[in-house]
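Chain and residue survey
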Number of protein chains: 2
Amino acid sequence: MKPINVGLLGIGTVGGGTFNVLARNEAEITRRAGRPIRITKVADKNLELARQVTAGRAEVTDDAFSVVSDPEIDIVIELIGGYGIARELVLKAIANGKHVVTANKALLAVHGNEIFAAAHEKGVMVGFEAAVAGGIPIIKALREGLSANRIQWIAGIINGTTNFILSEMRDKGLSFDTVLKEAQRLGYAEADPTFDIEGIDAAHKITILSALAFGIRMQFDKAHVEGISKLDADDIKYAEQLGYRIKLLGITRRRPEGVELRVHPTLIPAKRLIANVEGAMNAVLVQGDAVGATLYYGKGAGAEPTASAVIADLVDVTRMHTADPEHRVPHLAFQPGAVEDTPILPLSEVETSYYLRLRVEDKPGVLADITRILADQQISIDAMIQREPAEGESQTDIIMLTHITREKNVDAAIARIEALPVVKKQVIRLRMEELG
Amino acid sequence: MKPINVGLLGIGTVGGGTFNVLARNEAEITRRAGRPIRITKVADKNLELARQVTAGRAEVTDDAFSVVSDPEIDIVIELIGGYGIARELVLKAIANGKHVVTANKALLAVHGNEIFAAAHEKGVMVGFEAAVAGGIPIIKALREGLSANRIQWIAGIINGTTNFILSEMRDKGLSFDTVLKEAQRLGYAEADPTFDIEGIDAAHKITILSALAFGIRMQFDKAHVEGISKLDADDIKYAEQLGYRIKLLGITRRRPEGVELRVHPTLIPAKRLIANVEGAMNAVLVQGDAVGATLYYGKGAGAEPTASAVIADLVDVTRMHTADPEHRVPHLAFQPGAVEDTPILPLSEVETSYYLRLRVEDKPGVLADITRILADQQISIDAMIQREPAEGESQTDIIMLTHITREKNVDAAIARIEALPVVKKQVIRLRMEELG
């Protein structure tokens, strides 16, 4: 059968991986797809690199717009990243009737509604398996594999950089700053690590998963985003003593009043499988009403793992290329007309349990004052440890785990606790999830 | 849009779950599928039960053949089980041009080639997500999500009963027989547990995964099948001391000479995520050349988890119902013409590492004799423990872990070792997998 012609925009790490895997496994992929899939044109600003990787097996250009306008191209792979030129190219490719495959979570989380509307209008497909959790087929699992379920919540370790840093902090008892430098040296963190360490990348991804799970529009601007750069090694240690690990989780949960959408460091029970996902690995836990909990684990980044997801999309698109659009899986899992306008709840309305660390003077009555304030705010305590003060030390740490309560109650309690003269520092507040 | 009409054969545990989930989540499922999916006709020998579950919402009959011949029915769900009447009904439904969804791993592992050939001939789909690992969408992951990869191997905990028994044996230090009775009391094991405990159920499932992974025909009759009924609690304890857990794994691996296909108790490093899958849960680890290792975890059985998979297939079939067959995902992941005749290797050609336990007289020279025999067979030792004999005891246990070697070399070594007068019992041999 006639090969499918693919144009590749951006031949960096993932682009190079995609080109190589597609070439290496061409026979096996053709046995699956029923026809050859070939990257025939590559656009990159770095022509030298593009020539080197393609080695004469594809046409090379530095003009990405010439690829999205090429009548010979059936599918465009966008691996440029960012919201700027990538958005223009994707919309142009769609306008030209081309199917698109992209790994660009930032673009989809921020401009996904526009892009999917354009694709629907034009009758083309936009594949984005590579946008969340690299090679793990989580988009497919959520959109197709779990289609019987009313999804209740998702919790994911969906940023490898931060999971690597947290794993190292715990294993070696080191500070965030020290481990970040090590991660940068090893290539696990970028020179400017902001997107990763401040939780923005994870928030892009959980925004996409949230839309797929609940049949709602992408609402990245409503997500609560909190990274790990302020996380203290002491809290990792205390959490450990209480039987918990701290992971940066993307969490989205359906509640009667709306949807929770948040990224923050989270205490989870050490015995959960997902608590034992170490290093740069990713894992996504999905709770459905029929299936219960299912977990998906694998490499969340890297040339070939991400290429694996890009190519899976190419195979899907190839298969459905000439089929009526009505037979396709809807982009956002639900039929375009059935996407609902459910609000994202503000952080103050989030319901979860909390880890609180207080620095207090070691004298009588302190605990009574604090527990009174918590009781006033309807917050009940599940566990507590008080560190024994060192010889001659007049202050100590109290660590409390609460039962499930509302964020605004905790805000109010913390404000009152911090106003007590015996409380010597800002209260450390971390959220907890049982994931049971 | 016009609803899709489904006929259900068998309204036991999974059938009832399917009926209930489909009714409960009808709105959500319709938002995904684009049209309602309704079970309009149910066949079961137990008419009373069928009437009770359906409560007037579907026609009830005790004649399954009337369902597969009903011109109003678009899709038939087969949940009868076994190879007999189920095979007849599935083939009849296909002959009548109906799509089929089944959870029947035994039927597919043994008669799959015939059934898929008939379905291909007739241009209908046969969905079987529910046949392996219950609600975990592993068939979809393997067939579509990982389509870029040359799959290298799969190792799965794909039988909940045996994983429950092994978890209990380890946790509580109990014998197989004691735990089996407990499992039967709790409903985790059937009155006749043979299919589960002897590994047959797991072998059916790994046969299906093997075909999907490597593009080969189903070859259940070539699988090596070994259960856990002879497993000694002592070996679980020794494995633990060496940093391993024992799990009943279904394993299939591609080698240049052919494919390994085997089910047996297996030592795996305790630090692996899959080693920490406890109780009746299932997990499948897949190694692809591009993506590396990915793991899929969830409930492998039960009414609603299995229903989740059955209904996911219904949604897929509904979507592709009127599309040309060429657009569909091939039943066995590879295009029918591209399925290869790769042989399954005999057990003697399997390559892995081994755990050996020897009961020996505690006297000089014993270890020298044994290690000489192993060296003669090109088997090298990775780790060893020798239990200190109790006061007055004249015999002791030697436990050895070997590096990777071939099964036939181990067979030969064991025969020679057992012939030594100082060796007092049959040598215990278990296989090990690093899964790294």
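This one's a predicted model, so the numbers in the text were calculated from it and none came from an experiment. Along each chain, numbering runs from 1 in the same order as the chain's sequence is written. Written order determines the labels here, with chains lettered from A and ligands numbered from 1. With the structure being a predicted model, the display of local features is reserved for residues of pLDDT at least 70 and the display and counting of side-chain atom pairs for 80 or more, all residues being used for whole-chain, interface and lining totals. By convention in this description, side-chain values take in all heavy atoms of the structure and omit both hydrogens and water.

**Brief notes about the pattern of salt bridges**
All names here are of chain A.
- In the sections that follow, a salt bridge refers to a side-chain nitrogen of Lys or Arg positioned within 4 Å of a carboxyl oxygen of Asp or Glu. Counted according to the given criterion, the structure contains 95 salt bridges over all chains.
- A salt bridge links R406 to E257, with the nearest nitrogen and oxygen atoms 3.7 Å apart. Taken together, the residues R406 in strand 16 (residues 405-406) and E257 in the loop between strand 9 (244-255) and strand 10 (258-269) connect sequence positions 149 residues apart.
- In this structure, R387 and E393 form a salt bridge, with 3.4 Å as the shortest nitrogen-oxygen distance.
- Here the salt bridges share partners, and the residues they tie into one network are R253, R255, E257, E260, R262, E349, E351, R406, K408 and E433. Counting from the N terminus, the helices are the DSSP runs of H or I reaching at least four residues and the strands are the DSSP runs of E reaching at least two.

**What about helix 14 (residues 366-376) of chain A?**
Residue and element names in this part refer to chain A.
- Inspection of helix 14 places V366, I370, I373 and L374 among the buried residues, and these make up the whole buried set. The arc that holds the buried residues of helix 14, viewed along the axis, is 100°, so those residues lie on one side.
- Those residues of helix 14 hidden inside the fold are in contact with strand 13 (351-361), strand 14 (381-386), strand 15 (395-402) and helix 15 (407-418).
- Backbone geometry just after helix 14 places Q378 at a positive phi near 65°. Three exposure classes are used, based on accessible area relative to the maximum for each residue type with a 1.4 Å probe and protein chains only: buried under 20%, partly exposed in between, and exposed over 50%. Each C-beta atom gives one direction from the helix axis, and the arc is the one those directions make. Contact criterion: two residues are considered in contact whenever any of their non-hydrogen atoms come within 4.5 Å of each other.

**Let's talk about the UniProt feature "active site" (unreviewed entry) in chain A**
Residue and element names in this part refer to chain A.
- UniProt positions are given in the numbering used here, feature names are shortened, and annotations may be inferred rather than shown by experiment. Under the local residue numbering, the UniProt record ascribes the feature "active site" (unreviewed entry) to K205.
- Those residues in contact with K205 that sit more than four places away from it in its chain are K105, A131, V132, A133, I158 and N159.
- Separated by 2.8 Å, the side chain of K205 and the backbone oxygen of I158 make a polar contact. Polar contacts, as used here, are pairs of N or O atoms within 3.5 Å; protein pairs need one atom able to donate a hydrogen and one able to accept it. Residues neighboring in sequence count only if both atoms are side-chain atoms.

**Digging into the relation of the copies chain B and chain A**
- Superposing copies: least-squares fit, C-alpha atoms only, residues required to have pLDDT of at least 70 in both. When chain B is fitted onto chain A, the two copies agree to an RMSD of 0.0 Å after a turn of 180° and an axial shift of 0.0 Å. Accordingly, the operation relating the two chain copies is best matched by a two-fold axis. For chain B, the smallest separation between a C-alpha atom and the rotation axis is recorded for Y296 of chain B, amounting to 2.5 Å.
- Residue by residue, 100% of the interface of chain B is reproduced at the interface of chain A, so both copies engage with the same surface.

**Focus on the sheet that holds strand 6 (residues 126-127) of chain A**
Residues and elements named next belong to chain A.
- Here the rule is simple: two strands pair whenever DSSP picks up at least two bridges between them. Ordered in space as 3-2-1-4-5-6, the six strands form an open sheet in which the pairing is parallel. Since the sheet does not close on itself, it has two edges, and those belong to strand 3 (59-61) and strand 6, each with one partner.
- One ladder, built from three bridges, connects strand 2 (residues 37-43) with strand 3; its direction is parallel. The partner of A43 across the bridge, within strand 3, is T61.
- Packed onto the sheet, helix 3 (residues 47-54) meets strand 2 and strand 3 and runs at close to 165° relative to strand 3. The convention used is that axes are lines fitted to C-alpha atoms, helices contributing only their stretch in contact, and that angles between N-to-C directions extend from 0 to 180 degrees.

**Regarding unusual backbone geometry**
- For A133 of chain A, which is not glycine, the phi torsion reads 60° and is therefore positive.
- With respect to the helices and strands, A133 of chain A occurs in the loop between strand 6 and helix 7 (138-145).

**Some remarks on the interface of chain B and chain A**
- Facing 62 residues of chain B, the contacting portion of chain A comprises 62 residues.
- Both sides together, the interface formed by chain B and chain A hides about 5,100 Å², and carbon and sulfur atoms give 52% of it.
- It is R31, R32 and R319 of chain B that lose the most area in chain B upon contact with chain A, and together they represent 17% of the buried surface on that side.
- E28 of chain A is the salt-bridge partner of R150 of chain B, the closest N and O atoms lying 3.1 Å from each other.
- Run the count over chain B and chain A and you get 30 residue pairs in polar contact (both at pLDDT 80 or more).
- When contributions to the side of chain B that touches chain A are tallied by element, the ones reaching two or more residues are helix 1 (13-24), helix 2 (26-33), helix 7 (138-145), helix 11 (200-214), strand 12 (292-299) and helix 13 (303-320) of chain B.
- The dominant element in the side of chain B that touches chain A, judged by the number of residues it contributes, is helix 13 of chain B, at nine residues. We define buried area as the total accessible area lost by two parts upon association, computed with a 1.4 Å probe and summed across both.

**Digging into the sheet that holds strand 4 (residues 75-78) of chain B**
All names here are of chain B.
- In spatial order, the strands read 3-2-1-4-5-6; together these six strands make up an open sheet with parallel pairing. At either margin of the open sheet sits one strand with a lone partner, and together these are strand 3 (59-61) and strand 6 (126-127).
- With six bridges connecting them, strand 1 (residues 4-9) and strand 2 (residues 37-43) associate as parallel partners. Pairing of L9 across the sheet is with A43, part of strand 2.

**Quick word on the nonpolar core**
- Within this scheme, the nonpolar core is defined by two criteria: the residues are buried Ala, Val, Leu, Ile, Met, Phe, Trp, Tyr or Cys, and they are joined through side-chain atoms within 4.5 Å. Ranked by internal contacts, the top residues of the largest apolar core, which has 166 residues, are I138 and I165 of chain A together with I138, I165 and I208 of chain B.
- What I208 of chain B contacts, discounting residues up to four positions off in sequence, is K105, L108, A109, F128, A131, V132, I139 and M218 of chain B.
- Counting 67 residues, the second largest nonpolar core, distinct from the first, contains I29 of chain A together with I77, V101 and A290 of chain B.

**A closer look at the domain arrangement of chain A**
All names here are of chain A.
- Each domain of chain A was delimited in the assignment, giving domain 1 (4-127), domain 2 (138-299) and domain 3 (351-432).
- Boundaries of every domain are those given by an automatic assignment or by a domain database. Centre-to-centre, using C-alpha coordinates, domain 2 lies 26 Å away from domain 3.
- Counting residues at the interface gives 21 residues for domain 2 and 15 residues for domain 3.
- Both sides of the domain 2 and domain 3 interface together cover about 1,400 Å² of buried area, and 56% of this is carbon and sulfur.
- Its largest share of buried area at the contact with domain 3, domain 2 owes to Y238, L242 and L267, together 41% of the area lost on that side.

**Brief notes about the UniProt feature "domain: ACT" (unreviewed entry) in chain A**
- Feature annotation in UniProt assigns "domain: ACT" (unreviewed entry) to the following positions: residues 355-431 of chain A.
- Strand forms 35% of residues 355-431 of chain A and helix 30%; the C-alpha atoms that close the span are 6 Å apart.

**Considerations on the packing of aromatic side chains**
Residue and element names in this part refer to chain A.
- Whether two aromatic rings pair depends on their centres lying within 6.5 Å, for rings of Phe, Tyr and Trp, where Trp uses its six-membered ring; planes under 30 degrees apart make the pair stacked, over 60 edge-to-face, and the rest tilted. Enumeration according to the criterion identifies five aromatic pairs over all chains in this entry.
- Taking the centre distance of 5.3 Å and the plane angle of 50° together, the rings of F116 and F128 count as tilted. Taken together, the residues F116 in helix 6 (residues 105-122) and F128 in the loop between strand 6 and helix 7 connect sequence positions 12 residues apart.
- By relative accessible area, which is 6% here, F116 ends up buried.
- Each ring is checked for a lysine NZ or an arginine CZ that lies within 6 Å of its centre and within 35 degrees of its normal; such an atom marks a charge sitting over the ring. Sitting above the plane of the Y238 ring, K237 keeps its charged end 5.4 Å from the centroid.

**Concerning the pairing of strand 2 of chain B**
- Of all seven residues making up strand 2 of chain B, five are buried, and the element is well covered by its neighbours.
- Where the polypeptide runs from strand 2 of chain B across helix 3 (residues 47-54) of chain B and back to strand 3 of chain B, its parallel neighbour, the crossover connection is right-handed. Handedness of a crossover: with both strands directed away from the viewer, a clockwise path from the first strand across the helix to the second marks it as right-handed.

**Some points on the side chain of E129 of chain A**
All names here are of chain A.
- Mapped onto the elements, E129 comes out in the loop between strand 6 and helix 7.
- Of the buried charged residues, E129 lacks a salt bridge, with K140 as the closest side chain of opposite charge at 6.2 Å.
- Those residues in contact with E129 that lie beyond four places of it in its chain are G134, I136, P137, I138, I139, K140, A309 and D313. None of His or the chain ends enter the tally, which takes Lys and Arg as positive and Asp and Glu as negative.

**Considering the pairing of strand 11 (residues 281-288) of chain A**
Residues and elements named next belong to chain A.
- Across the eight residues of strand 11, eight count as buried, placing the element largely inside the fold.
- Summarising the sheet, strand 7 (residues 151-157) and strand 11 pair through six bridges and their orientation is antiparallel. From the neighbouring strand, I151 faces strand 11, where its bridge partner is G288.
- Sheet analysis places strand 11 next to strand 12 (residues 292-299), joined by eight bridges and oriented antiparallel. Residue pairing in the sheet places L285 in a bridge with L295 of strand 12.
- If you look at the hairpin formed by strand 11 and strand 12, you'll find three residues sitting between the two strands.

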